[in-house]
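# Architecture and fold: a report
Letter by letter, the chains look like this.
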Amino acid sequence: MAFELPKLNYAYDALEPTIDARTMEIHHTKHHQAYVDNLNNAIAGTELEGKSLEEIQKTGSDKPAVRNNGGGHYNHSLFWELLTPGGSKEPVGNVKSEIEKIGGFEKFKEDFSNAAKTRFGSGWAWLVKNADGSLIVSSTPNQDNPLMPVADVKGTPILGLDVWEHAYYLNYQNRRPDYVSAFFDVINWDKVEELYNK
């Protein structure tokens, strides 16, 4: 069965003022939809057809269309789930405990923000769960993610921030640091904890 654009759990304007409704609508219905459509076209009739989105990420592909659009679909599907109106302010449960081990919440915010702000060009900042349950902050270029064999830091992404200009330019223009800072107001830490515990 072909991949489909996931529905959001909130309205396009629900994350304002952090993310404006117009950006959300274009990001979801145009950019993410294009990744879905292009991925479906790229895997049609190949051995990847019928595999899960996660399997496609872990397999890696020498086809740029699969890597870029598969990553785009996976990353955005995760991103939407990690956002919530009003945010939940700070980590909970096991994630909170693991963040304490890497220097505490303020240190995490600083490290994650730096990963997002210093990613040259387009890409993502990540909080990654290692096989031993520990956490590490990283970033990837373009639509790569930590599940892919090509990632410098491999593991399970449990928090991600899209730093492609299409994610923030209408509202923030070239002020990526302001967008990164505002992101902490809309994080769904309950979802992060759920992903960690999977």
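In this text, all values refer to a predicted model and were calculated from it rather than measured experimentally. (Residues numbered from 1 in each chain as written. Predicted model: local features only at pLDDT ≥ 70, side-chain atom pairs only at ≥ 80, totals over all residues. Heavy atoms only, no water.)

### Quick word on the overall build of the protein
Secondary structure summary: the protein contains eight helices and three strands in total. For a compact globule of 198 residues, the expected C-alpha radius of gyration is about 16 Å, and the protein comes in at 16 Å, within 12% of that figure. For the protein, the spread of C-alpha atoms along the principal axes amounts to about 50 × 40 × 30 Å. Relative to its full complement of 198 residues, the protein shows a buried share of 48%. A separation threshold of at least 6 residues defines the contact pool for the protein, and within that pool the share at least 24 residues apart is 67%. Accessible surface for the protein amounts to roughly 9400 Å². Of this, 48% is attributable to carbon and sulfur atoms. (Helix = DSSP H or I, 4+ residues; strand = E, 2+ residues; numbered from the N terminus. Rg over C-alpha atoms; globule rule 2.2 N^0.38 Å. Buried < 20%, exposed > 50% of the residue type's maximum accessible area, 1.4 Å probe, protein only. Contact = heavy atoms within 4.5 Å. Areas by Shrake-Rupley, 256 points an atom, 1.4 Å probe, with all protein chains shown as cover.)

### Here's the deal with the UniProt feature "domain: Manganese/iron superoxide dismutase C-terminal" (unreviewed entry) in the protein
In this structure's numbering, the residues bearing the UniProt feature "domain: Manganese/iron superoxide dismutase C-terminal" (unreviewed entry) are residues 93-194. Helix makes up 40% of residues 93-194 and strand 21%, and the two end C-alpha atoms of the span are 10 Å apart. (UniProt positions renumbered as here; feature names shortened; annotations may be inferred.)

### Observations regarding the side chain of Asp144
Relative to the assigned elements, Asp144 resides in the loop between strand 2 (135-141) and strand 3 (156-162). Exposure remark for Asp144: the relative accessible area of 5% places this residue in the buried category. Each residue touching Asp144, except ones within four places of it in the same chain, is listed here: Arg67, Asn75, Trp124, Trp126 and Val150.

### Thoughts on the pairing of strand 2
Note that strand 1 (residues 123-129) and strand 2 share seven bridges and pair antiparallel. Bridge pairing in strand 2 places Lys129 opposite Leu135. Counting the residues that bridge the hairpin from strand 1 to strand 2 gives five residues, and of these Gly133 lies at a positive phi of roughly 90 degrees. (Pairing = 2+ DSSP bridges.)

### Re the environment of Tyr12
Within the element layout of this structure, Tyr12 appears in the segment before helix 1 (21-43). Linking Tyr12 and Phe120, residues 108 residues apart in sequence, is a C-alpha distance of 28 Å. Those residues in contact with Tyr12, other than ones at most four positions away along the chain, are Asp20, Ala21, Met24, Glu25, His28 and Thr29. At 2.9 Å, the side chain of Tyr12 forms a polar contact with the side chain of His28. (Polar contact = N/O pair within 3.5 Å; in protein donor to acceptor, adjacent residues only side chain to side chain.)

### Quick notes on the pattern of salt bridges
Counted under the stated rule, the structure contains nine salt bridges. With a shortest N-O distance of 2.6 Å, Asp144 and Arg67 are connected by a salt bridge. You can see Asp144 sitting in the loop between strand 2 and strand 3 and its partner Arg67 sitting in helix 3 (residues 64-81), a full 77 residues away along the chain. You can call Arg67 partly exposed: its relative accessible area is 32%. Across the pair Glu98 and Lys101 runs a salt bridge whose closest N-O atoms are separated by 2.9 Å. Taken together, the residues Glu98 and Lys101, both in helix 4 (residues 93-101) and three residues apart, mark about one turn of the helix. (Salt bridge = Lys/Arg side-chain N within 4 Å of Asp/Glu carboxyl O.)

### Re the sheet that holds strand 3
Spatial strand order, 2-1-3: three strands in an open sheet with antiparallel pairing. The outermost strands of the open sheet, each flanked by one partner alone, are strand 2 and strand 3. Across the sheet, the axes of successive neighbouring strands diverge by a mean angle of 25 degrees, strand direction being ignored. (Axes fitted to C-alpha atoms, helices over the stretch in contact; angles between N-to-C directions.)

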